[in-house]
Amino acid sequence: MLDRLIAELSSHKPLDASRQKALLLAAAALVEMRDPITAGHSVRVGNYSAIIARELGLIPDIQSALRLAGLVHDIGKIGVPKAYLQKPGKLTDTEMAEIRKHPGLSYEIVSEVPGLIHIAQIVLHHHERLDGHGYPGGLTGDEIPLGSRILCVADSFDAMVTDRVYRSPLPVSEAIAELERCAGTQFDLAVVEGLRAYLLRAGVRGPWCTT
Ligand SMILES: [Fe+2]
């Protein structure tokens, strides 16, 4: 895959939008390969995002856009030292500042592809919080694009239920409880409820279920 990618990037022929999108996805997959612990994360975030969009009644085109946004949301991590991304202990302020650059870098990369500026905007704001304490814009509430609010919940849910260097995975029920606890400050409640509704229907039950 790497050989083909380099050959494409080295060619002098202008690439059409679909070829550029294919290269973007290949690059996103390569970025994820740098860190085996997060392997598969972007695909899952894309899937969860599309599912939540469907639960919220959003049209299929938006579901597809969110699947793509999930696939490329962390592509900007290519510009962050690997040692910071995989550090098991507490990050220094400098290291954290470097990691916080990744949504902006993702935006710069994705927005280069013709027709994907709307995906780039969603990706740019996937670490914003409803209370304004997120990054990079410190946006609040509805200032944060709905797609970014969906991506944020999908990203956080997947991070909680999978293994990370600093902790073991949480059970799904505990992850949902944590999302609900942080709804209104960090996460959009309607988005959290969309994910919860899907998981309940899919047969994943937890202590929140009273029926
Ligand atoms: Fe991210």
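Everything quoted here is computed from the prediction, not taken from an experiment. (Residues numbered from 1 in each chain as written. Predicted model: local features only at pLDDT ≥ 70, side-chain atom pairs only at ≥ 80, totals over all residues.)

Draft legend 1. How the structure looks around the overall build of the chain. Secondary structure assignment for the chain yields 11 helices and zero strands. Whereas a compact globule of 211 residues would reach a radius of gyration of roughly 17 Å, the chain reaches 17 Å, a difference of no more than 12%. Looking at the 211 residues of the chain, the share that counts as buried comes to 31%. Long-range contacts, defined here as pairs at least 24 residues apart, represent 61% of the contacts in the chain between residues at least 6 apart. (Helix = DSSP H or I, 4+ residues; strand = E, 2+ residues; numbered from the N terminus. Rg over C-alpha atoms; globule rule 2.2 N^0.38 Å. Buried ≥ 20, exposed ≤ 12 C-beta atoms within 10 Å, placed from the backbone. Contact = placed C-beta atoms within 7 Å.)

Draft legend 2. The arrangement of unusual backbone geometry in detail. Looking along the chain, the bond that leaves Y135 and enters P136 is cis, with omega of 10 degrees. On the secondary structure map, P136 appears in the loop between α8 (117-124) and α9 (146-161).

Draft legend 3. Just the environment of V191, in detail. Counting through the fold element by element, V191 comes out in helix α11 (residues 189-201). In the structure, V191 is positioned 139 residues away from I52 in sequence and 6.8 Å away in space, judged by C-alpha atoms.

Draft legend 4. Focus on the nonpolar core. Residues I52, A69, V72, V110, I119 and V153 are the most contacted members of the largest nonpolar core, which totals 40 residues. Once you skip the residues sitting within four places of it in the chain, V153 turns out to touch I52, L179, F187, D188, V191, V192 and L195. (Core = buried A, V, L, I, M, F, W, Y, C linked by C-beta atoms within 7 Å.)

Draft legend 5. Quick peek at helix α10 (residues 172-181). Residues of α10 that are buried: A175, I176 and L179. Down the axis, α10 shows its buried residues gathered within 95 degrees of arc, on one side only. Structurally, α10 contributes buried residues whose contacts are with α9 and α11. (Arc of directions from axis to C-beta.)

Draft legend 6. Fine view of the packing of α9 against α10. Contact geometry for α9 and α10: axes closest at 9 Å, N-to-C directions at 140 degrees. Relative to α10, α9 is oriented oblique. In the packing of α9 onto α10, the handedness of the crossing is right-handed. Contact residues: V153, S156, F157, M160 and V161 in α9; V172, A175, E178 and L179 in α10. In terms of residue class, the contact of α9 with α10 is built from seven nonpolar, one polar and one charged. (Axes fitted to C-alpha atoms, helices over the stretch in contact; angles between N-to-C directions. Parallel < 35°, antiparallel > 145°, perpendicular 65-115°, else oblique. Left-handed = near helix turned anticlockwise from the far one by under 90°. Nonpolar A, V, L, I, M, F, W, Y, C, P; charged D, E, K, R; others polar.)

Draft legend 7. Geometry of the packing of α9 against α11. For the pair α9 and α11, interaxial distance at closest approach is 9 Å and the crossing angle is 50 degrees. The orientation of α9 with respect to α11, classified from their angle, is oblique. For the crossing formed where α9 meets α11, the hand is right-handed. Counting all contacts with α9, which are made through R149, I150, V153 and F157, the residues of α11 involved are V191, V192 and L195. Residue composition of the contact of α9 with α11, by class: six nonpolar, no polar and one charged.

Draft legend 8. View of α8. If you check which residues of α8 are buried, you get I119, I122, V123 and L124. Residues of α8 that are buried make contact with α4 (60-72), α7 (102-110) and α9.

Draft legend 9. Spatial organisation of the confidence of the model for the chain. Per-residue pLDDT for the chain has a mean of 89; in total, 91% of the residues score no lower than 70. Here residues 207-211 is a poorly scored stretch, pLDDT under 50, and it has six contacts once near neighbours within four places are set aside; other chains count. (pLDDT = per-residue confidence, 0-100.)

Draft legend 10. A look at the environment of D16. Within the secondary structure, D16 sits in the loop between α1 (2-10) and α2 (17-33). Accessibility expressed as a C-beta count within 10 Å gives 10 for D16, which makes it exposed. Along the chain, D16 and D142 lie 126 residues apart, while their C-alpha atoms are 34 Å from each other.

Draft legend 11. Just the environment of T185, in detail. Residue position: T185 is located in the loop between α10 and α11. On the neighbour-count criterion, T185 (11 C-beta atoms within 10 Å) is exposed. Along the backbone, T185 and D131 are 54 residues apart, and their C-alpha atoms lie at a distance of 4.9 Å. If sequence neighbours within four positions are ignored, T185 has contacts with R129, L130 and D131.

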